[in-house]
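# Chain and residue survey
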Amino acid sequence: MDFFRYHDGRLHCEDVPLDAIADAAGTPAFVYSQRTFEHHYDALVGAFAELEPTICFSIKSCGNVHILRHLVARGAGMDVVSGGELFRAQHAGADMARVVYAGVGKTDQEIRDALEARIGWFNIESEAEFENIARLAGEMGAHAQAALRVNPDVDPQTHAKTSTGQKETKFGVDIERARQFFETYGKNPHLTLNALHLHIGSPIYQTEPYEHAIGKAITLIQQLTARGHAIEALDIGGGFGADYEANQSPSYDDYAQRIVPLLQPFKRNGGRVILEPGRTIAANAGVLVTEVLYIKQGGSRTFVIVDTGMHHLLRPALYDAFHFIWPTHVDPALVPEQRTATPDLPGLVTCDVVGPICETGDTLARERAQRPVERGQRLAIFAAGAYGMAMASNYNAMPRPAEILVDGDEAQVIRRRETYADLIARDLPLG
């Protein structure tokens, strides 16, 4: 569900035509729907209402402070993985008690900043990290809470580069080590180890991996409780899917129907449940608008060359990810009923949609059935709200795009387009 719809053949974000936004802001540009963010967040809260969960939005998926502020106003906490993301959460006005901090490589300065901010939980990834955070907390006369990240060794059935819940991974510890971890560190006076954290991967389009992971975590909690360790919170992470193609992902109610019953006993016994959604809220809340530069006919393939690419949307190059792409203005009869790799429409041609970057991998869509397009036409790359701008770079000395947030019939630039001057602004002066 999102609020990007065609009206008389023109794609709108809520009540604003995408072409009008592109006329004013130029291309490429990320365009977000505030109503979609709010709808997804509210639907997730409603589906899991029985657990009264703490919902910590994953800043790494979409970190613009304006968007974060809207989610904070809705009641969201924040999931951060760096000092920069903590800084963003603070500027968004997040309640620091509703902030969880993951990541395997927290620096001493990042840890000190988080201790000073009095965040809710550090998600602990290793024995060495626990010892370091506890040491720094002791030196500062501070106290913090910790959740041990546990790898339940389940297969999330997702891309290998985003699978994190199996036994051998740089994240967290396996269940066998978790028991000893609590025995060794469970009574630390500066860093209270009183929670577990799971994050098995992303995106996950089945409920079974969550069921298996949570089942193992509940068993571990029972074992730890029997040994005198109080487990006050269980963070089940994020990873819920998003519809990159129509109806690809289960609904929030589908996830909740299988997950909530597993966690109700823990909740009834006073436990807190934490969720860390990211793409499931943000992905379909944004599109990337681009303009066709050239049409190139190869030996047997047609290349549509556009003014954006892997430097702005890395997912297709990095993960072979699918993003639906369609013109912002078409004959109303040629608007597909569903966003899919194989639209059931006449007159389609097979082409590669590629960007301007000097890499063969700079391909946004390969052998895709598309409407024929011409130079100057605009295309919308859908489901670009998560891991789009968040992963954008200046590779090939390309400025990053503008970001625009639409609320009803109003469109606001929430991040200006970078300039060439921005590209060298932080270079040291020539000697």
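The text that follows walks through the structure, step by step, so that each part is easy to find. Small disclaimer: the values here were computed from a predicted structure and weren't measured. (Residues numbered from 1 in each chain as written. Predicted model: local features only at pLDDT ≥ 70, side-chain atom pairs only at ≥ 80, totals over all residues. Heavy atoms only, no water.)

Tallying secondary structure elements over the protein gives twelve helices and 21 strands in all. Compactness check: the protein gives a C-alpha radius of gyration of 23 Å against a globular reference of 22 Å for 431 residues, within 12% of the reference. Taken along its principal axes, the extent of the C-alpha atoms in the protein is 70 × 60 × 45 Å. Counting every position in the protein, which comprises 431 residues, the buried fraction comes to 56%. (Helix = DSSP H or I, 4+ residues; strand = E, 2+ residues; numbered from the N terminus. Rg over C-alpha atoms; globule rule 2.2 N^0.38 Å. Buried < 20%, exposed > 50% of the residue type's maximum accessible area, 1.4 Å probe, protein only.)

Below, the discussion takes up the sheet that holds strand 2 (residues 10-13). Taken in spatial order, the three strands line up as 1-2-3 in an open sheet, and their pairing is antiparallel. In the strand order of this sheet, the two ends are held by strand 1 (4-7) and strand 3 (16-17), each with one partner. In this structure, strand 1 lies alongside strand 2, joined through four bridges in antiparallel fashion. Considered in strand 2, the bridge of Arg-5 is made with His-12. (Pairing = 2+ DSSP bridges.)

This next bit is on the packing of helix 2 (residues 34-47) against helix 9 (residues 252-268). Taken N-terminus to C-terminus, the directions of helix 2 and helix 9 make an angle of 25 degrees; their axes are 9 Å apart at the nearest point. Viewed along their axes, helix 2 and helix 9 adopt a mutual orientation that is roughly parallel. Crossing of helix 2 against helix 9: the hand is right-handed. Touching His-40, Ala-43, Leu-44 and Ala-47 of helix 2 are Tyr-252, Asp-253, Ala-256 and Val-260, all from helix 9. Residues belonging to the contact of helix 2 with helix 9 are distributed by class as follows: six nonpolar, one polar and one charged. (Axes fitted to C-alpha atoms, helices over the stretch in contact; angles between N-to-C directions. Parallel < 35°, antiparallel > 145°, perpendicular 65-115°, else oblique. Left-handed = near helix turned anticlockwise from the far one by under 90°. Contact = heavy atoms within 4.5 Å. Nonpolar A, V, L, I, M, F, W, Y, C, P; charged D, E, K, R; others polar.)

Time to look at the packing of helix 8 (residues 208-226) against helix 9. Between helix 8 and helix 9, whose axes approach to 10 Å, the crossing angle comes to 5 degrees. Looking at the two axes, helix 8 sits roughly parallel to helix 9. Here Tyr-210, Glu-211, Ile-214, Ile-218 and Ile-221 of helix 8 come into contact with helix 9, specifically with Tyr-255, Arg-258, Ile-259, Leu-262, Leu-263 and Phe-266. Along the lines of polarity and charge, the residues of the contact of helix 8 with helix 9 split into nine nonpolar, no polar and two charged.

With that settled, the discussion passes to unusual backbone geometry. Excluding glycine, residues mostly have negative phi values, and the peptide bonds linking residues are mostly trans. Following Thr-27, the chain continues to Pro-28 via a peptide bond in cis, the omega torsion being -10 degrees. In this fold, Pro-28 is placed in the loop between helix 1 (18-25) and strand 4 (29-33). One non-glycine residue, Glu-52, lies in positive phi territory at about 45 degrees. Checked against the element boundaries, Glu-52 lands in the loop between helix 2 and strand 5 (54-58).

Attention shifts here to the nonpolar core. With 126 residues, the main nonpolar core has Phe-48, Met-78, Phe-122, Leu-148 and Leu-234 as its most contacted residues. It is helix 8 that contributes the most residues to this core, eight residues altogether. Apart from the residues lying within four places of it in its own chain, the contact partners of Leu-148 are Ile-124, Val-173, Ala-178, Phe-181, Phe-182, Leu-193, Ala-195, Leu-196 and His-197. With seven residues, the next largest nonpolar core counts Cys-56, Trp-121, Ala-195 and Ile-274 among its residues. (Core = buried A, V, L, I, M, F, W, Y, C linked by side-chain atoms within 4.5 Å.)

Side chains carrying opposite charge are able to pair once their charged atoms draw close together. For the structure on display, the rule yields 21 salt bridges. Ionic pairing is found between Arg-378 and Asp-19, a salt bridge with its closest N-O pair at 3.5 Å. Separated by 359 residues along the polypeptide, Arg-378 in strand 19 (residues 378-381) and Asp-19 in helix 1 bring together distant segments of the chain. Among the residues examined, Asp-19 registers a relative accessible area of 13% and is labelled buried. The salt bridge partner of Glu-418 is Arg-415, with a shortest N-O separation of 3.4 Å. Owing to a relative accessible area of 27%, Arg-415 belongs among the partly exposed residues under this scheme. Beyond isolated ion pairs, a larger network of salt bridges with shared partners links Arg-10, Asp-19, Asp-23 and Arg-378. (Salt bridge = Lys/Arg side-chain N within 4 Å of Asp/Glu carboxyl O.)

Summarising the element assignment, Asn-284 is placed in the loop between helix 10 (279-282) and strand 14 (286-297). On the accessibility criterion, Asn-284 (10% relative accessible area) is buried. Polar side-chain contacts of Asn-284 include one of 3.3 Å to the backbone oxygen of Asp-243. Excluding residues that lie within four positions of it along the chain, Asn-284 makes contacts with Asp-2, Phe-4, Thr-36, His-40, Ala-242, Asp-243, Arg-339 and Ala-383. (Polar contact = N/O pair within 3.5 Å; in protein donor to acceptor, adjacent residues only side chain to side chain.)

Once that is clear, we can look at the pairing of strand 13 (residues 272-275). Pairing between strand 5 and strand 13: two bridges, direction parallel. Within the sheet, the bridge partner assigned to Thr-54 lies in strand 13 and is Ile-274. With three bridges connecting them, strand 12 (residues 233-235) and strand 13 associate as parallel partners. Residue pairing for strand 13: Asp-235 is matched across the bridge by Ile-274. A crossover links strand 12 with its parallel partner strand 13, the connecting element being helix 9, and its sense is right-handed. (Right-handed = clockwise from strand over helix to strand, strands pointing away.)

By convention here, two paired aromatic rings are described through the distance between centres and the angle between planes. Taken as a whole, this structure holds twelve aromatic pairs when the rule is applied. Measuring from centroid to centroid gives 4.9 Å for Phe-181 and Tyr-185, while their planes differ by 55 degrees, and the two rings are tilted. Taken together, the positions of Phe-181 and Tyr-185, both in helix 7 (residues 175-185) and four residues apart, correspond to about one turn of that helix. The same class applies to Phe-181 as to Tyr-185, namely buried. With a centroid separation of 5.9 Å and 85 degrees between ring planes, the pair formed by Tyr-210 and Tyr-255 is classed as edge-to-face. Taken together, the residues Tyr-210 in helix 8 and Tyr-255 in helix 9 connect sequence positions 45 residues apart. Across the pair, Tyr-255 and Tyr-210 agree in class, each one buried. Counting every residue linked through ring pairs, the aromatic cluster contains Phe-48, Tyr-210, Phe-240 and Tyr-255. Cation over ring: Arg-35 sits above Phe-3, and NZ or CZ is 5.1 Å from the ring centre. (Phe/Tyr/Trp six-rings, centres within 6.5 Å; stacked < 30°, edge-to-face > 60°. Lys NZ or Arg CZ within 6 Å of the ring centre and 35° of its normal.)

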